[in-house]
Amino acid sequence: MSNAPLMPMATAVWLVENTTLTFKQIADFCNLHEVEIQGIADGEVAKGIKAYNPIISGQLSREEIELSSKDEARPLKIKNTDIEISNSEKKIKKYIPLSKRQDKPDSALWLIKHYNILKDSQIAKLVGITKNSVTSIRNKSYWNYNNLNPKDPVALNLFSQKDLIDATEKAERRIKREKKEKEKSKQSM
């Protein structure tokens, strides 16, 4: 990864307008040429570019700019902040429009056909319908069964591919556990 700031040209515009740094310091920090920085100062380069504040974005501190402003030989140092990306986001129930709500039984039918290892409760939780509806679709006793067309729920954006993979892995673990329990009960007889 390079040590260039985010949006280097816009950052250079902000530094030229708001600091007393030399063109060389700004050029070195933004990985640009000194002539480009001088062009920004003269108004010939980056005319339509909106200035981007590196302090607000956390790439520079005001102290860093002040230290480099006092000493022309001192280069600016970008802050190295490693952003922790966590995948433990709290699941937020999102609004599903009426047009997509009509696709829920179709999605349940698709899951029943393609992932028959999933329990009715898992399908109901994924798609967002009741367990009784899933059971009646599986038994072909759903009130509108003849008009259902299997549709991929991931393509319909009812839930993510990751959610589907997690559910199938959970179902596979359940099946393995049930097989082991059956084998133990047969051996104990």
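Going by the structure above, here's the rest.
Reading guide: rules and limits
- Residues numbered from 1 in each chain as written.
- Predicted model: local features only at pLDDT ≥ 70, side-chain atom pairs only at ≥ 80, totals over all residues.
- Heavy atoms only, no water.
- Helix = DSSP H or I, 4+ residues; strand = E, 2+ residues; numbered from the N terminus.
- Rg over C-alpha atoms; globule rule 2.2 N^0.38 Å.
- Buried < 20%, exposed > 50% of the residue type's maximum accessible area, 1.4 Å probe, protein only.
- Contact = heavy atoms within 4.5 Å.
- Areas by Shrake-Rupley, 256 points an atom, 1.4 Å probe, with all protein chains shown as cover.
- Axes fitted to C-alpha atoms, helices over the stretch in contact; angles between N-to-C directions.
- Left-handed = near helix turned anticlockwise from the far one by under 90°.
- Nonpolar A, V, L, I, M, F, W, Y, C, P; charged D, E, K, R; others polar.
- Salt bridge = Lys/Arg side-chain N within 4 Å of Asp/Glu carboxyl O.
- Core = buried A, V, L, I, M, F, W, Y, C linked by side-chain atoms within 4.5 Å.

**As for the overall build of the protein**
Working step 1: Per the secondary structure count, the protein includes nine helices and zero strands.
Working step 2: Helices (α) and strands (β) of the protein occur, in sequence order from the N terminus, as α-α-α-α-α-α-α-α-α.
Working step 3: Relative to the compact-globule value of 16 Å for 189 residues, the protein shows a C-alpha radius of gyration of 30 Å, a clear excess of over 25%.
Working step 4: The C-alpha extent of the protein, read off along each of the three principal axes, is 85 × 50 × 20 Å.
Working step 5: Burial analysis of the protein (189 residues in total) assigns 35% to the buried set.
Working step 6: Partitioning the intrachain contacts of the protein with sequence separation of at least 6 by distance along the chain shows that 59% fall at a separation of at least 24.
Working step 7: Element-wise, carbon and sulfur atoms account for 51% of the exposed surface of the protein, whose accessible area totals about 13400 Å².

**A few points about the packing of helix α2 (residues 23-30) against helix α3 (residues 34-42)**
A packed helix pair is summarised by two numbers, namely the angle formed by the two axes and the spacing between the axes.
Working step 1: Relative to each other, α2 and α3 sit at 115 degrees, their axes nearing to 8 Å. Both α2 and α3 take part in a crossing whose hand is right-handed. Contacts between α2 and α3 pair Phe23, Lys24, Ile26 and Ala27 from the former with Glu34, Ile37, Gln38 and Ala41 from the latter.
Working step 2: Taken together, the residues of the contact of α2 with α3 sort by class into five nonpolar, one polar and two charged.

**A word on α2**
Working step 1: Within α2 the residues assigned to the buried category are Gln25, Ile26, Ala27, Phe29 and Cys30.
Working step 2: Contact partners of the buried residues in α2: α1 (8-18), α3 and α4 (62-70).
Working step 3: Positive backbone phi, at 55 degrees, marks Asn31, one or two positions downstream of α2.

**Digging into unusual backbone geometry**
When glycine is set aside, most residues are seen to have a negative phi, and most peptide bonds are trans.
Working step 1: A positive phi angle, near 60 degrees, is found at Lys140, a position not held by glycine.
Working step 2: Lys140 gets classed as exposed once you look at its relative accessible area, which sits at 59%.

**Overview of the pattern of salt bridges**
Working step 1: Scanning the model with the defined rule gives seven salt bridges in all.
Working step 2: Note that Lys24 and Asp28 form a salt bridge whose closest N and O atoms lie 3.2 Å from each other. Of this pair, Lys24 and Asp28 both sit in helix α2, four residues apart, roughly one helical turn.
Working step 3: A salt bridge links Asp166 to Lys162; its shortest N-O distance comes to 3.1 Å. Of this pair, Asp166 and Lys162 are both found in helix α9 (residues 161-188), four residues apart, which corresponds to roughly one turn of the helix.

**Topic: helix α7 (residues 120-127)**
Working step 1: The buried fraction of α7 amounts to six of the eight residues, a majority that puts the element mostly inside the structure.
Working step 2: Of all the positions in α7, only Asp120, Gln122, Ile123, Ala124, Leu126 and Val127 are classed as buried.
Working step 3: Lining the buried residues of α7 we find α6 (104-114), α8 (131-138) and α9.

**Things to note about the environment of Asp152**
Working step 1: As for its placement among the helices and strands, Asp152 is situated in the loop between α8 and α9.
Working step 2: For the pair formed by Asp152 and Ile129, sequence separation is 23 residues and the distance between their alpha carbons is 15 Å.

**What about the nonpolar core?**
Working step 1: Within the largest apolar cluster, 23 residues are counted, with the highest numbers of intra-cluster contacts made by Leu111, Leu118, Ile123, Leu126, Val127, Ile137 and Phe159.
Working step 2: Counting only elements with at least two residues in this core, the list comes to α6, α7, α8 and α9.
Working step 3: Among the elements that make up this core, the one with the highest residue count is α6 (five residues).

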